[in-house]
Amino acid sequence: MTAIRAEREARRTEADRKAERKELLGSHLAFTKKFFREKEGQPFSVAPFHPVVCDTLDQVFTGDINRLIINIPPGYGKTELAVVNFIARGFAINPRSRFIHASYAQPLALDNSTKVKDVINLPGYQAHWPVRMRVDTNAKGLWRTTDGGHLRAAAAGEPITGFRAGILAEPGFTGALVIDDPLKPDDASSDTTRKFINERWENTFRSRLAHEDVPVIVIMQRLHIDDFVAHLLENSGEHWHLLKLPVLVEGEGKAPAGKVTLIPHGLPDGPLWEEKHTLDQIKVLQGAPHVYAGQYAQEPTVEGGNLFKPGLLPRYDEVPKLSWRAIYVDTAQKTKERNDYTVFEHWGAGVDGRAYLLEVVRDRFEAPELEKTAFALWTRLRGDDWPADRYGHLRKMVIEDKVSGTGLIQSLTRKAIPVIAMQRERDKYTRALDVVPAAAAGLIVLPKSALWLKDFENELAAFPDGGFDDQVDPFIDAALDICGFLGMNLDNL
């Protein structure tokens, strides 16, 4: 009877072990909780957003996401989840997995490498997956498994030649490129350092993937309007999934420009992790608005002090009575260049003599789509939602007669749309100086809320030092046209 009972207990133990193994391989949160407790001797403190991060990482393992950006405040467990336990779990799924891990400093990357090995060497991990390290290559910066897997850990600016993330012609998960904070906050204001790190995507990182479907995870706090995340979204040509987690949740937010799918987080409004930062503590963080906007709100801005300081322009709740309206357009030079957005701005001339920005449409358009968008916008803004007795007639569409604007002018003219073809004869900065008095006098008014408003304000605040200024030209055109006290008109722009 004793032998039979022992055999039954062994079968039950093996069944329990098999069930646990299945759970750990299928759930990143379960994996992290188990091995964090075993490694640290205390439970992993699960905040409401941690399951969201873990569910997203689960989709990387299943192959549903292969280009992932996670923006999250510092100190919120990103490295534990998306670097240490992600790589350790990857080796559990496939001990042949090949990883490359980069961070802004070599000591950080090497420390993360050691922590991954610490998880793998835990008795609980080894009981499920007896992954072994090769003794001939077992340094912090490079170690290999006896099954042919490896982890190469280095600073974001270091050479990683000779190593690949993932395995060519092998199905399933085979590794990943994991980039954690490639730029440190102190270097964010250095154009040279930022450019060097940004260019690493094209000249180094991308070429280290064994094939195009090998996952890339970039997890970082936002530091600058032209940081590594901005570079990837604007220039890489890749389709990215973005999980954006600000310290203060206010709805789902909106996707930035570029090929991006914003991952819904489903979190309630309020502090992201109240045990970490209460609402009162967040208000203290907001006392440094530039730092807060990037590292905590994940919406970087340029520090004030330029021509149009943040908060300079007054706001309206409801559109007031208008005398007339117009659309001001800045067209792209080439649709596939970085700065080549086309911008349509809908403005109203208030009966009170002020200029009201009503709507901004900004995107990259090929020629046929550009014409279709312009015509559809004109048709909509002349519709029933904008009655002339309250909002005035839509008088004109003002377009610079240059490059893609020339073709748009010709196309819309054939459709009997009143187009004003103009030439901007003075440089943008000089024309902007003419608008400053109107702005300072409160004659240019923005809405209190709009999905496009934050991007517009950031660009305006950054001018003339920002990475983008395509929304500035039509802003200037409208202000000079509507605020007649300046003695300016479209004929001498």
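All values derive from a computational prediction rather than experimental measurement.

Student: Give a detailed account of the environment of R414, specifying residues and quantitative values.
Tutor: Mapped onto the fold, R414 is located in helix α13 (residues 404–414). For R414, a relative accessible area of 65% corresponds to the exposed category. Taking the C-alpha atoms as reference points, R414 and I482, 68 residues apart in sequence, are found 26 Å from one another.

Student: I'd like to hear about the packing of aromatic side chains, residue by residue, with values.
Tutor: Inspection of every chain in the model, using the stated rule, returns 28 aromatic pairs. Here the aromatic rings of F91 and W143 are separated by 5.4 Å at their centres, their planes lie at 40 degrees, and the arrangement is tilted. You can see F91 sitting in helix α4 (residues 78–93) and its partner W143 sitting in strand β4 (residues 142–145), a full 52 residues away along the chain. The same class applies to F91 as to W143, namely buried. Chaining the aromatic ring pairs together yields one cluster made of F61, F86, F91, F99, W143 and F173. The ring of Y341 is capped by R362, whose NZ or CZ atom sits 3.9 Å from the centre of that ring. Just above the ring of F375 sits the side chain of K415; from NZ or CZ to the centre is 4.9 Å.

Student: Any chance you could break down the nonpolar core for me, citing the residues and the numbers?
Tutor: Generally speaking, soluble globular proteins have nonpolar side chains that are buried together. Counting 58 residues, the largest nonpolar core has F49, F86, I87, I120 and Y125 as the members making the most contacts within it. For this core, the secondary structure elements donating two or more residues are α2 (28–40), α3 (50–62), β1 (67–71), α4, α5 (106–120), β7 (216–220), β9 (248–249) and α10 (289–296). Looking at which element gives the most residues to this core, the answer is α4, with nine residues. Discounting residues that sit within four places of it in the chain, I87 has contacts with F99, H101, V116, L151 and V178.

Student: Would you mind going over the pairing of strand β17 (residues 419–422) in detail, with residue names and values included?
Tutor: Sheet analysis places strand β16 (residues 393–400) next to β17, joined by four bridges and oriented parallel. Across the sheet, the residue bridging to M397 is V419, located in β17. Handedness of the crossover is the feature at issue here: the chain leaves β16, passes through α13, returns alongside β17, and the resulting connection is right-handed.

Student: I'd like a rundown of unusual backbone geometry, residues and numbers included.
Tutor: A negative phi holds for most residues other than glycine; trans holds for most peptide bonds. The backbone phi angle of A169 is positive, close to 60 degrees, even though this residue is not glycine. Here A169 is to be found in the loop between β5 (150–155) and β6 (177–180). The phi torsion at D181 lies on the positive side, around 50 degrees, for a residue other than glycine. Relative to the helices and strands, D181 is located in the loop between β6 and α7 (191–205). The exposure class of D181 is buried, given its relative accessible area of 10%.

Student: Any chance you could break down the pairing of strand β18 (residues 444–447) for me, citing the residues and the numbers?
Tutor: Side-chain alternation along β18 places I444 and L446 on one buried face and V445 and P447 on a second face that is also buried. Bridge count for strand β12 (residues 315–316) against β18 is two bridges, and the pairing is parallel. Each bridged residue has a counterpart across the sheet, and for R315 the counterpart in β18 is L446. With two bridges joining them, strand β15 (residues 355–363) and β18 adopt parallel strand pairing. Considered in β18, the bridge of Y356 is made with V445.

Student: Which residues make up the packing of helix α14 (residues 428–440) against helix α16 (residues 472–482), and what are the values?
Tutor: Between α14 and α16, the shortest axis-to-axis distance is 10 Å and the interhelical angle comes to 45 degrees. When the axes of α14 and α16 are compared, the pair comes out oblique. Note on packing geometry: the crossing formed by α14 with α16 is left-handed. For the pair α14 and α16, the contacting residues are K428, R431, A432, D434 and V435 in the first and V472, D473, F475, I476, D477, A479 and L480 in the second. Residues belonging to the contact of α14 with α16 are distributed by class as follows: seven nonpolar, no polar and five charged.

Student: Outline the sheet that holds strand β3 (residues 133–138), supporting the account with residue identities and numerical values.
Tutor: Strands sit in the order β3-β4-β5-β2-β6-β7-β1-β8-β10 across an open sheet of nine strands; the sheet is mixed. Either end of the sheet is taken by a strand with one partner, and the two such strands are β3 and β10 (260–262). Mean inter-strand twist for the sheet, computed between neighbouring axes without regard to direction, equals 20 degrees. Here three bridges tie β4 to β5, and the two strands are oriented antiparallel to one another. Bridging from a neighbouring strand, L142 pairs with R152 of β5. On the sheet, α7 packs against β1, β2 (98–103), β6, β7 and β8 (240–244) and is oriented at approximately 160 degrees with respect to β6.

Student: Just give me the short version of the sheet that holds β16, but keep the residues and values in it.
Tutor: The strand order across the open sheet built from seven strands is β12-β18-β15-β14-β13-β16-β17, with neighbouring strands paired in mixed fashion. On the outer flanks of this sheet lie β12 and β17, each paired with one strand and no other.

Student: With reference to specific residues and values, describe the environment of F205.
Tutor: Tracing the sequence through the fold places F205 in helix α7. Other than its neighbours up to four places away in sequence, F205 contacts A102, A156, I160, L177, I179, R200 and F228.

About the thresholds
Residues numbered from 1 in each chain as written. Predicted model: local features only at pLDDT ≥ 70, side-chain atom pairs only at ≥ 80, totals over all residues. Heavy atoms only, no water. Helix = DSSP H or I, 4+ residues; strand = E, 2+ residues; numbered from the N terminus. Buried < 20%, exposed > 50% of the residue type's maximum accessible area, 1.4 Å probe, protein only. Phe/Tyr/Trp six-rings, centres within 6.5 Å; stacked < 30°, edge-to-face > 60°. Lys NZ or Arg CZ within 6 Å of the ring centre and 35° of its normal. Core = buried A, V, L, I, M, F, W, Y, C linked by side-chain atoms within 4.5 Å. Contact = heavy atoms within 4.5 Å. Pairing = 2+ DSSP bridges. Right-handed = clockwise from strand over helix to strand, strands pointing away. Axes fitted to C-alpha atoms, helices over the stretch in contact; angles between N-to-C directions. Parallel < 35°, antiparallel > 145°, perpendicular 65-115°, else oblique. Left-handed = near helix turned anticlockwise from the far one by under 90°. Nonpolar A, V, L, I, M, F, W, Y, C, P; charged D, E, K, R; others polar.

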